[in-house]
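Residue-level structure breakdown
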Amino acid sequence: AFANGSVKTTVRIGDTQTVQVGLLASDLGKNLFGLFQQYAQFDASGNGPFDTKTTPAQQNFIESSIQTATDVSQKVNAQSAQNGITYKMVQETVSRLQATSTVHKTFVSNLEDVDISQALSQLNQNQIALQASFQVASTLNKLSLLDYLQ
């Protein structure tokens with residue numbers, strides 16, 4: 001019998017994403033240790049102990065427990081696979097968050113490390129270029145086919 005807690009730990013790995021990382025011992029080990037207990041009880045009974053040569057009663061007992069052992073094995077494998085999926089999801093989230101952090105750090109650095117005189121100079125150049133492009137667009141809008149024919 002297990003004496004484990006009742007809380008399955010979850011962690012938040014993103015803005016809206018949580019992952020269950022905790023597992024109760026009874027969820028995974030109850031059937032496995034139940035099987036071990038059955039073998040121990042059978043071995044301690046008048047049909048034991050298990051030796052190099054099994055008796056017909058021992059053979060029947062072993063054969064009857066094969067399906068339980070298979071089910072336990074599949075449950076352990078499924079949990080192992082789920083752990084792998086969770087690990088991969090956490091790794092992808094960490095990578096995504098690191099990339100986001102880099103973008104934010106660059107953005108903040110660009111704001112904090114700005115050279116005011118250079119920024120004003122660039123702004124003036126951009127305004128002049130924009131005004132010139134508006135002037136050209138205005139001139140092109142006023143032209144007609146007759147202007148080209150003259």
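Residues numbered from 1 in each chain as written. Predicted model: local features only at pLDDT ≥ 70, side-chain atom pairs only at ≥ 80, totals over all residues. Heavy atoms only, no water.

Helices and strands together make up the secondary structure of the protein chain, namely five helices and two strands. Along the protein chain, helices and strands appear, N-terminal first, in the series β-β-α-α-α-α-α. For 150 residues, the compact-globule formula gives about 15 Å, and the C-alpha radius of gyration of the protein chain, at 37 Å, lies well above that figure. Projected onto its principal axes, the C-alpha coordinates of the protein chain cover approximately 120 × 45 × 25 Å. A buried classification covers 9% of the 150 residues belonging to the protein chain. (Helix = DSSP H or I, 4+ residues; strand = E, 2+ residues; numbered from the N terminus. Rg over C-alpha atoms; globule rule 2.2 N^0.38 Å. Buried < 20%, exposed > 50% of the residue type's maximum accessible area, 1.4 Å probe, protein only.)

What follows is about the side chain of T93. For T93, the location among the structural elements is in helix α3 (residues 66-112). Owing to a relative accessible area of 4%, T93 belongs among the buried residues under this scheme. A polar atom in the side chain of T93 sits 2.9 Å from the backbone oxygen of M89. Once you skip the residues sitting within four places of it in the chain, T93 turns out to touch I13 and Q17. (Polar contact = N/O pair within 3.5 Å; in protein donor to acceptor, adjacent residues only side chain to side chain. Contact = heavy atoms within 4.5 Å.)

Of all the bends in helix α1 (residues 25-44), the greatest measures close to 30° and is centred on N31. Of all the positions in α1, only G29, L35 and F42 are classed as buried. Elements in contact with the buried residues of α1: α2 (56-64) and α3. (Bend = angle between axes of the 7 residues up to and from the residue.)

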